[in-house]
Every structure is written in structure tokens, then in C-alpha cells.
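Examining the three-dimensional arrangement
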Amino acid sequence: MAANNSGSEPPIPEDDVKHEPEAKGKAPAASSTTTTTTMNRSGSRPQLDLSGAAIHGTLEDRNPTILLPNQSDDISHLALDIGGSLIKLVYFSRHADQPTEDKRKLSTKRRLEIFTGARRSYPVLGGRLHFVKFETGKLNECLDFISSKQLHRGGVDSPSWRSGAQPDNIVIKATGGGAFKYADLFKERLGVSLEKEDEMDCLVAGANFLLKAIRHEAFTHMDGQKEYVQIDQNDLFPYLLVNVGSGVSIIKVDGHGKFQRVSGTNVGGGTYWGLGRLMTECKSFDELLELSQRGDNSTIDMLVGDIYGGLDYSKIGLSASTIASSFGKTISDNKELSDYRPEDISLSLLRMISYNIGQISYLNALRYGLKRIFFGGFFIRGHAYTMDTISFAVHFWSKGEAKAMFLRHEGFLGALGAFMSYEKHGLDDLSAHHLVERFPMGAPYVGGKIHGPPLGDLNEKISWMEKFVQKGTQITAPVPMGAPATTGMGGFERPTSKGDILRSDASAALNVGVLHLVPSLDVFPLLEDPKTYEPNTIDLDHDEFKYWFTILSDHLPDLVEKAVASEGGTDDAKRRGDAFAHAFSAHLARLTEEPAAYGKFGLANLLELREECLREFQFFDAYVSIKQRENEASLAVLPDLLMELDSMDEEDRLLALIEGVLAANIFDWGSKACVDLYNQGTIIEIYRMSRKKMQRPWRIDDFDTFKSRMLKKDQPYKRALISVDNAGADVVLGMLPLAREFLRRGVEVVLVANSLPALNDITANELPEIVAEAAKHCGILRKAAEAGGLIVDAMAGIQDDTKDEPASVPLMVVENGCGSPCIDFRQVSSELAAAAKDADLLILEGMGRSLHTNLNARFKCDALKLAMVKNQRLAEKLFNGNIYDCICKFEPVS
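Remember, predicted model here, so these are calculated numbers, not experimental data.

1. Quick look at the overall build of the protein chain
A count of helices and strands for the protein chain gives 27 helices and 29 strands. Out of the 894 residues in the protein chain, the part that is buried amounts to 60%. Here the contacts in the protein chain between residues at least 6 apart in sequence split such that 74% fall between residues at least 24 apart. Carbon and sulfur atoms form 49% of the exposed surface of the protein chain, whose accessible area is close to 35,000 Å².

Dropping the structure here:
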């Protein structure tokens with residue numbers, strides 16, 4: 001929000017923006033108003049040494065780091081937008097070093113021809129982008145924050161900081177008027193120089209990046225309803241960008257680096273805050289916004305009904321509630337300022353300014369023939385009434401032909417654009433599938449200080465974890481995020497001097513998360529149409545969310561118990577368990593209030609949010625001991641099951657295999673109905689009981705079609721991708737025998753498992769050991785596992801009864817890039833994407849991956865979806881069925 005945002009500003013210098021000649025009295029044609037600008041990527045910063053660059057580690061946390069072995073690492077990744085009202089920061093943090101890859105991964109990558117060394121080599125990829133804001137009047141808090149995290153020196157996680165090195169001539173990118181005004185203060189306090197970037201360049205670059213790379217960035221907001229809009233990258237330009245900061249700039253954007261500021265007004269966020277501060281006793285912008293939510297503008301504004309005796313002016317389409325004159329009633333009232341409620345003043349101001357911004361914006365859109373208008377800037381800050389008012393104005397004046405759209409990262413456009421002006425930032429080449437947004441809870445300030453090693457002594461004061469436990473009931477929205485050294489409100493960091501409470505504020509509606517940059521994620525290449533693909537089967541509307549809120553809340557005590565037990569039941573684990581319960585309950589409460597608070601949120605996202613929250617509180621595998629116990633029990637009876645299957649003819653055996661998969665899928669610790677079954681017998685007893693109930697026909701029964709395809713020829717497929725679900729009987733007695741049948745028929749098999757634990761789901765790291773144990777009793781599995789690199793010198797000394805048989809097709813294991821019971825095929829691991837290259841069959845097993853998600857998904861290969869329905873509501877909603885119904889849905893490629 002620079003000083004040149006007002007409508008009365010001096011002309012923009014010709015060396016900044018070049019204008020084509022215009023005919024007098026005529027609006028410029030759309031084709032003649034394009035201005036080409038180029039981001040000034042300064043060479044004053046140290047250049048990156050990319051020699052020897054390679055991705056390091058595994059996908060164990062889905063976020064591999066790109067190592068630059070010859071880089072000094074004295075490069076900061078911090079950019080600021082210092083406006084008249086607010087300071088916005090975008091900064092990058094690295095991920096922790098990852099363990100080296102094991103033999104299984106290396107073997108799989110060689111076989112699938114995955115070469116990581118040639119991938120993008122910018123260090124920002126493989127870390128996180130954080131978004132933080134401060135009031136400009138509290139600049140010292142901003143400087144303290146930067147200093148505490150050493151952001152200007154690459155962060156406290158950088159080698160240079162840990163080694164004590166003090167780099168010289170540190171330069172930070174900045175935009176906005178404050179980059180000039182406060183440059184000396186930054187030099188004095190932090191020893192850094194601010195390199196100024198053009199504000200309009202930054203705004204447009206930030207908006208273009210977000211609209212390109214963030215899947216659910218843009219949304220409409222009418223009558224309190226938020227609806228996310230999927231932007232077609234091929235139809236993005238031209239559009240109108242309205243940046244509402246202290247003043248308002250209206251920019252016509254024709255492409256990357258092609259834009260023109262076509263209009264503006266000096267009536268903007270600064271006007272609202274300035275007049276509001278004069279007329280009320282509010283001490284902050286957020287406080288003024290909060291007041292408006294309790295206001296009644298009809299006590300101050302003159303309405304059409306006030307003029308026409310309570311009636312509409314229907315002839316020209318004005319209702320009685322339409323504002324005829326903002327603050328018009330105060331003319332005739334014999335009152336002083338103190339006689340009016342601050343709440344009413346705030347709302348009247350908000351409506352006056354928002355309506356005018358909406359009208360001016362539409363008139364400019366009309367001038368250039370544009371239907372799409374994006375609004376950004378921290379005046380909006382996700383405030384529902386502000387967005388509704390602007391949307392109403394655009395809708396009213398355009399007669400419904402134009403749409404006002406808003407951006408979730410609205411206030412950070414300039415800061416993000418400044419970040420992108422660094423040489424070699426690496427963001428240009430990012431696509432939506434490389435970005436994962438998460439909403440972590442972090443550590444609040446304690447006593448006005450930032451705590452968390454190595455910056456504070458946690459023994460001096462109450463720890464951040466204890467803070468969560470004690471104040472957990474007060475949390476109503478995502479609060480702090482990032483490392484245990486920051487605080488924030490509304491899903492993005494918001495340092496505050498009020499360290500004694502956790503509270504939400506008007507900016508909570510933004511809910512801007514941390515962007516995890518994951519270069520190793522890809523779009524699944526076998527999706528029939530990635531553009532129309534929607535993973536979630538059921539929309540998570542308000543009623544649906546209330547139901548799942550109850551389900552997840554009821555499951556929370558048991559989950560906490562398992563999580564604490566997985567860490568040995570220590571006092572520290574109990575403390576973290578309580579903190580996790582409070583934090584996840586806060587997420588649920590926020591989403592109950594507004595299901596769209598975190599973007600377009602389906603059940604898959606909600607379940608992943610729970611797992612991410614567990615991991616944040618250092619519970620990395622809550623069901624580890626349960627999985628181990630069930631794996632051992634199932635492996636003990638596997639040899640007998642395989643002998644039984646081998647005694648059948650191929651038709652009966654195929655039916656028995658599918659029945660076995662469906663029966664074993666009952667072992668799901670995420671389902672209360674299934675958890676209750678654990679009290680009725682041993683794992684094997686429950687499995688046999690479930691097998692007896694697998695009578696056809698099933699709720700969806702395409703088995704005969706699948707059987708015809710399988711028995712059509714000796715080698716029905718070239719490669720089968722088999723996505724596995726739960727540990728124990730599910731994978732050992734269900735999926736491994738099915739995989740063995742494909743191997744028997746000469747089909748390559750790739751078992752696809754989670755990258756990270758989720759409930760009792762098996763992970764890709766755990767599968768090789770299970771396969772190795774199973775292979776001790778089965779020559780088919782052993783030969784295939786050896787061929788696929790799953791068994792490396794592990795089976796020496798075991799009798800090999802298949803040594804005279806021809807070489808086997810391989811059995812491989814890849815991770816899917818997920819840490820959730822569901823899967824979104826728009827973001828999968830590069831391993832899975834590579835494995836899909838030669839696959840002609842995809843098998844999805846389990847309720848999460850084939851019912852909650854992907855039930856309606858279509859693929860470029862044959863697909864088989866197998867699951868037992870373990871939730872009565874879901875069974876009724878999807879099939880008008882019952883709990884424990886089964887589906888065998890086979891979809892041959894057309």
C-alpha cells in the first residue's frame with residue numbers, strides 16, 4: 001500500500017509504465033492498453049552455486065530438501081511489503097535434513113527410471129513459505145520477529161547461523177512506500193539494506209503466481225456464502241486486479257509482466273481506518289472491523305425507505321433498505337458524535353467505502369470489457385461483510401454479468417511478488433501439484449517474549465505446550481503456526497503483545513496456511529481428465545461437516561490414548577496428547593463455524609488435517625504397536641491361506657481372492673463399528689467371520705466383468721498398480737494374495753502405500769519387511785520380491801524351490817506421497833507417477849481411497865475399486881445401503 005495508491009496521485013513516470021497514445025475523449029481499446037514490465041531480479045545478491053545439486057533423502061515427510069553442496073547458504077529468503085497501514089512478510093524456511101535412501105528406494109528408482117538429479121535446483125523448493133503481518137505502527141514488533149528467527153541471515157536453521165558466521169552486505173527485497181521510509185531503521189536495527197522493488201510489478205507477479213499455482217485461491221462471496229472458483233490457466237488473462245490498501249489501485253493485467261494501472265481512488269483502507277479512529281476509540285484496524293459486525297447502519301445512513309415513507313422506489317429498482325446517503329441521517333439528528341454507537345459508525349463507514357470501491361471497479365471492468373475482477377489487499381482481509389458489500393455492488397451495477405472474486409492470500413500479493421524478484425527463487429516453474437497448504441498450530445508468545453529453543457529458556461516460564469492445554473478451550477480458530485517460536489491468529493502468524501490469552505480476531509476469516517513446496521509431487525498421469533477430477537465423493541457442506549465433527553470428536557479420546565501409548569505413556573507424551581486434542585478441536589470448531597475457512601475442504605482434507613496435527617505434536621505413528629501385532633498374527637496364518645487358494649481352480653480362486661480382500665478390509669481403526677468388533681474375538685476369528693458374510697451379490701458387483709478380463713488370456717495386464725490400505729489382515733491376508741495371483745499370471749505388480757502413517761494404514765517403509773516375511777513361505781512372492789529389489793541378500797540360506805523356474809516379473813513398492821487415509825491423484829509422489837507410465841490396471845482398496853475419494857474418478861486404464869462400507873451414513877448416502885455392504889466396481893478403459 002504505497003503512497004501512490006490514491007486517485008489524486010501524480011502520473012506514473014514514463015520510465016516505469018509505457019502508455020500507447022489514446023484518442024481524446026475515448027476509452028483506450030483493450031489491445032492498446034497493455035504495458036510490458038519485467039521483474040527486476042537484481043544481481044546484487046550472491047548468486048546460487050548450483051553445481052552438484054540433487055534432491056536429498058526420501059519422501060518420508062513428503063518434503064525432500066534440494067541440497068546445494070557448494071553453496072555458502074548466506075542467502076536470505078525474506079521479502080516485505082511495507083504499506084501505510086500494515087507490514088506483510090513472506091519468508092522461506094528449510095526442511096530438516098532427510099535420511100539417506102535405502103536400497104529398496106534406490107532399486108525402485110533405477111527400475112522406474114526416476115532421476116532426481118535433473119530436477120529443479122533452486123533451494124526454495126523443498127521448504128515452506130510463511131505469511132506474516134504486522135501493523136506498520138508496530139514496526140518494532142516486526143523487527144523483533146525478523147531478528148528472533150534470524151530471517152535476514154537465512155533463518156536459525158541455516159548453516160551460516162549455526163556456525164556463527166556473520167555475512168556482510170545483507171540485502172532484503174521490499175516493496176511499498178515503507179521500503180523507502182523505514183530503510184534507515186532496518187539498517188540500524190538489523191544491519192540490512194532494503195532493495196526496493198516496484199509495487200505494481202510485485203502486486204501483479206504475486207497475483208499471477210497465486211492464480212496459477214494455488215488450486216483454490218480465488219472465490220466468490222455473496223450473501224455470506226463462499227464458493228471457490230477453479231481458474232483455467234488458459235483463460236486467465238485479461239483480468240482486473242483491484243488492490244485495496246491504504247488507497248486503491250486498479251490494474252488491468254494482460255499477461256505475465258504485462259499490465260497497466262488504469263485507475264484508482266484515494267478512498268480505501270486508510271480512509272476507513274483513519275476516519276474510524278477519529279470517530280471511535282478503536283486502537284486497531286481489526287478492532288474496528290469487529291465493531292462493524294455488531295453495527296446497524298440504518299441509525300446513521302439515510303435509506304431509500306427514509307425518503308419514501310418506508311417504501312421501495314420500485315420504478316428504478318431501489319429497495320427501501322438501499323442506502324441513499326451514507327451518514328445522511330446525521331444531518332437532521334440533533335446529536336453529538338458521542339451519541340452514536342461506535343458499532344454503527346464502523347458499519348456505515350465500511351459500507352460507504354466498500355460500495356464505492358465495488359462500483360468504481362465495475363466501471364473500469366466495463367470500460368475494458370472484462371468480466372472477471374479480483375480484489376486483494378489487507379482492507380478486505382477475509383472479512384465477510386466487506387466481501388459481501390463489494391460483491392453486491394459489482395453484481396448490482398453489472399446486473400449480474402460481472403463477478404467480484406477474492407484471493408485467500410489477498411494481503412500478501414506485494415510481499416510475494418517481492419519474494420519472486422530474488423534471483424533464482426524457483427517459484428516460476430511451480431504448478432499447483434507442487435504446493436501443499438497446511439494449517440499448523442504453533443507456540444504462542446509467553447510474557448511478550450518469543451519462546452522455543454534456541455531463542456528462549458522454556459524452564460523460565462510456562463511452555464507453549466502447557467499453554468495449549470491450559471488455554472485450549474479458548475481457542476476458536478487456528479492460532480500460531482510454524483516452529484515453536486511464533487504466534488499468530490487466523491491461520492497465519494500474527495505476533496501480539498497480549499501473551500496471556502489465545503484469542504481470535506477479525507482477520508481469522510483469512511486462514512492462510514503455510515505453503516509447503518514439494519517438487520517431488522506430480523499429477524497422476526493416468527487420470528482421464530485432471531482438469532475435471534474431483535477426489536472427494538461427497539461435498540462437505542455444513543450438515544455433513546456437523547456429522548463428521550461428531551464422529552471425529554467421539555474418536556478423539558481413543559486416538560489420544562493410542563498416540564500417548566505409542567510414545568511409551570510418558571508425562572511428556574500425555575502433555576502433548578492433551579495439547580493435540582485441544583488443537584484439533586480448535587480446527588473442528590473453526591470449520592464448523594465456516595466449512596470453507598481453509599479453502600475448498602472435503603473429507604479427505606479433514607482426515608489429513610487430523611494426521612498433520614498429530615505429527616505437529618510429535619506423534620508420528622499412533623498405531624505402530626497395533627500394526628506390528630496384527631501383522632505378526634496375520635503372517636502366522638498366511639501359509640495355510642495360500643495352500644487353500646492353490647487347491648482351487650482359477651475361477652474359484654479369483655472369487656476367493658476378491659472375497660478375501662473385502663473381508664479383510666474390516667480391520668480399520670478409523671471406523672468405530674470396526675473397532676467394536678475387536679472385542680468379539682481374535683484377528684483371525686474376526687477375519688473368518690467376515691469371510692462367511694461375503695456373499696454375493698455385493699452392493700456394487702462387477703466381479704463377473706473383472707473375471708472375464710482376468711481369465712481372457714495368460715497375461716491379462718502388463719503392470720498392475722495395487723493401492724493397499726490397512727496393516728495386518730487387510731494387507732497380509734487380502735492384498736498380498738491378490739498381488740500374488742497377478743504375479744503368477746506374469747503381471748508386474750507395484751504395491752502403492754502411504755508415505756506417512758495414518759491411523760493403522762500400512763506405509764511404504766513397512767511393506768518390504770512384510771513382503772520379506774511372506775516370501776519365506778511362498779516362492780512366487782520371493783522371486784518377484786527379489787526381482788523388484790524388495791529382498792536384497794535377505795533370503796540367503798532359505799530353501800529355494802523355484803530356482804529352476806524362469807525369472808519372475810518384479811514386485812515393487814512405491815509410496816503415494818500421502819499421509820492420509822484418502823488419496824488425491826492431483827498430488828502423488830514422483831515414484832507413483834513414474835510407476836504409472838506402463839501400468840494398465842489400477843486397483844484402489846479401502847473406504848478412504850475408493851469411497852470417500854475416487855468413487856467417481858475415471859482413469860486412462862482399467863480400474864478396480866474394492867471396499868467394505870464401514871459407516872451407516874455413508875452407505876445410505878452413496879447407495880441407499882447398509883453398513884458392511886461391499887463394492888467391487890470394475891471400470892474398463894473405454
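2. Focus: the sheet that holds strand E28 (residues 862-868)
Judged by pairing direction, the sheet is mixed, and its 7 strands sit side by side in the order E22-E29-E28-E27-E23-E24-E25 without closing on themselves. The sheet terminates laterally at strand E22 (700-701) and strand E25 (811-815), the two strands that pair on one side only. In terms of strand pairing, strand E24 (residues 748-753) meets E25 through 5 bridges, oriented parallel. If you follow Val749 over to E25, its bridge partner there is Leu811.

3. Here we look at the packing of aromatic side chains
This model, assessed by the stated rule, comprises 26 aromatic pairs. On the numbers, 6.5 Å between centres and 85° between planes, the contact of Trp698 with Phe703 is edge-to-face. The exposure classification of Trp698 matches that of Phe703, with both residues buried. In this structure an aromatic cluster arises from ring pairing among Phe219, Tyr228, Phe375 and Phe406. Of note, Arg576 hangs over the ring of Phe619, and the distance from its end group to the ring centre comes to 4.7 Å.

4. Focus: the packing of helix H10 (residues 342-368) against helix H11 (residues 384-398)
The contact between H10 and H11 brings their axes to 8 Å, and the two run at 40°. Here H10 lies oblique to H11, going by the angle between them. The way H10 lies across H11 gives a crossing that is right-handed. For the pair formed by H10 and H11, the contact residues are Leu347, Leu350, Arg351, Ser354, Tyr355, Gly358, Gln359 and Tyr362 on the first element and Tyr385, Thr386, Thr389, Ile390, Phe392, Ala393, Val394, Trp397 and Ser398 on the second. Grouping the constituent residues of the contact of H10 with H11 by class yields 10 nonpolar, 6 polar and 1 charged.

5. What to know about the confidence of the model for the protein chain
Predicted confidence across the protein chain gives a mean pLDDT of 79, with 76% of residues reaching 70 or more. Note that residues 1-75 has pLDDT below 50 and, in this model, 188 contacts with residues that lie over four places away or in other chains. Note on residues 443-510: pLDDT is under 50 here. Beyond four places in sequence and across chains, it has 186 contacts.

6. So, unusual backbone geometry
Here the residue pair Phe237 and Pro238 is connected by a cis peptide bond, since its omega of -5° sits within 30 degrees of zero. With respect to the helices, strands and loops of the structure, Pro238 is situated in the loop between strand E9 (225-229) and strand E10 (239-244). A positive phi angle is found at Gln150, which is not glycine, with a value near 55°. Within the fold, Gln150 resides in the loop between helix H2 (139-149) and helix H3 (159-163).

7. A short note on the pairing of E9
Side chains of E9 alternate between two faces, with Lys226 and Tyr228 buried and Gln225, Glu227 and Val229 left unburied. Adjacent in sequence and paired antiparallel, strand E8 (residues 218-222) and E9 are bridged by 2 residues, among which Asp223 carries a positive phi angle near 55°.

8. Re the nonpolar core
As a rule of thumb, nonpolar side chains are buried together in soluble globular proteins. Counting 69 residues, the largest nonpolar core has Ile658, Phe742 and Leu751 as its most contacted members. Take this core: its biggest share by element is 10 residues, from helix H22 (residues 729-744). Aside from chain neighbours lying at most four places away, what touches Ile658 is Trp698, Phe703, Phe706, Leu738, Leu864, Leu866 and Cys888.

9. Topic: the sheet that holds strand E16 (residues 403-407)
Within the open sheet, the 7 strands sit side by side as E9-E8-E16-E15-E10-E11-E12. Their pairing is mixed. Both outer strands of the open sheet, E9 and strand E12 (258-265), are each paired with one neighbouring strand and no more. Taking each pair of neighbouring strands and ignoring which way they run, the sheet shows an average axis angle of 30°. Pairing between strand E15 (residues 372-376) and E16: 4 bridges, direction parallel. Residue pairing across strands places Phe374 opposite Met405, the latter belonging to E16. Relative to E10, helix H6 (residues 199-213) is tilted by about 120°, and along the sheet it contacts E8, E10, strand E11 (248-255), E12, E15 and E16.

10. Quick word on a nonpolar patch on the surface
Nonpolar side chains collect at one region of the surface, where Ile307, Tyr308 and Leu311 lie side by side and expose about 310 Å² of accessible area between them. Mapped onto the elements of the fold, Ile307 is located in helix H9 (residues 304-307).

11. Concerning H22
With 16 residues, H22 ought to run about 22 Å at 1.5 Å a step, and its terminal C-alpha atoms sit 21 Å apart, in line with that. The largest bend in H22 comes to about 30°, at Met735, with the proline Pro737 one to four residues further on. A positive backbone phi angle near 80° is found at Gly746, which sits one or two residues after H22.

12. Some points on the pattern of salt bridges
Within the structure shown, the criterion is met by 43 salt bridges. Salt-bridge contacts for Arg744 lead to Glu741; the nearest nitrogen and oxygen are separated by 3.4 Å. With Arg744 and Glu741 both in helix H22 and 3 residues apart, the pair spans about one turn of that helix. Arg744 sits in the partly exposed class, given a relative accessible area of 35%. In this structure, Arg858 engages Glu891 in a salt bridge whose closest nitrogen and oxygen atoms are separated by 3.6 Å. Residue Arg858 is located in the loop between helix H26 (847-852) and E28, and its partner Glu891 is located in strand E29 (residues 886-891); the two are separated by 33 residues in the primary sequence. Classification of Arg858 by relative accessible area gives partly exposed; the value is 38%. Taken together, the shared-partner salt bridges connect Asp646, Glu650, Arg653, Arg740, Glu741, Arg744 and Arg745 into one network.

13. Topic: the packing of H2 against helix H5 (residues 183-190)
Where H2 contacts H5, the axes come no closer than 11 Å and their chain directions differ by 40°. Between H2 and H5, the crossing angle belongs to the class labelled oblique. By crossing handedness, the relation of H2 to H5 is classed as right-handed. Together, Leu139, Asn140, Leu143, Asp144, Ile146 and Ser147 of H2 and Leu185, Phe186, Arg189 and Leu190 of H5 make up the contact between the two elements. Residues belonging to the contact of H2 with H5 are distributed by class as follows: 6 nonpolar, 2 polar and 2 charged.

14. With respect to the pairing of E16
The buried fraction of E16 amounts to 4 of the 5 residues, a majority that puts the element mostly inside the structure. The pairing of E8 with E16 spans 2 bridges and is classified as antiparallel. Among the inter-strand pairings, Ala218 is bridged to a residue of E16, identified as Leu407.

15. Points about the environment of Pro892
Here Pro892 lies in the segment after E29. When the C-alpha positions of Pro892 and Cys861 are compared, they lie 7.0 Å apart, and in sequence the two are 31 residues distant. Setting aside its immediate chain neighbours within four residues, Pro892 contacts Thr705, Arg858 and Asp862.

16. Concerning helix H7 (residues 269-279)
At 3.6 residues per turn, the α-helix brings residues three or four places apart onto the same side. The complete set of buried residues in H7 reads Gly269, Tyr272, Trp273 and Gly276. Buried positions in H7, seen along its axis, are confined to an arc of 90° and lie on one side of it. Considering only its buried residues, H7 is in contact with E10, helix H8 (285-292) and H10.

17. A short note on the environment of Ala875
One can find Ala875 in helix H27 (residues 872-879). Since its relative accessible area comes to 0%, Ala875 is described here as buried. As a C-alpha pair, Ala875 and Arg699 span 176 residues in sequence and 9.5 Å in three-dimensional space. Dropping the residues within four chain positions of it, Ala875 is found in contact with Val869, Asn880, Gly881, Asn882 and Ile883.

Calculation rules
Residues numbered from 1 in each chain as written. Predicted model: local features only at pLDDT ≥ 70, side-chain atom pairs only at ≥ 80, totals over all residues. Heavy atoms only, no water. Helix = DSSP H or I, 4+ residues; strand = E, 2+ residues; numbered from the N terminus. Buried < 20%, exposed > 50% of the residue type's maximum accessible area, 1.4 Å probe, protein only. Contact = heavy atoms within 4.5 Å. Areas by Shrake-Rupley, 256 points an atom, 1.4 Å probe, with all protein chains shown as cover. Pairing = 2+ DSSP bridges. Phe/Tyr/Trp six-rings, centres within 6.5 Å; stacked < 30°, edge-to-face > 60°. Lys NZ or Arg CZ within 6 Å of the ring centre and 35° of its normal. Axes fitted to C-alpha atoms, helices over the stretch in contact; angles between N-to-C directions. Parallel < 35°, antiparallel > 145°, perpendicular 65-115°, else oblique. Left-handed = near helix turned anticlockwise from the far one by under 90°. Nonpolar A, V, L, I, M, F, W, Y, C, P; charged D, E, K, R; others polar. pLDDT = per-residue confidence, 0-100. Core = buried A, V, L, I, M, F, W, Y, C linked by side-chain atoms within 4.5 Å. Patch = residues over 30% accessible without salt bridge, like charges linked within 9 Å, V, L, I, M, F, W, Y side chains within 5 Å. Salt bridge = Lys/Arg side-chain N within 4 Å of Asp/Glu carboxyl O. Expected span 1.5 Å × (residues − 1). Bend = angle between axes of the 7 residues up to and from the residue. Arc of directions from axis to C-beta.

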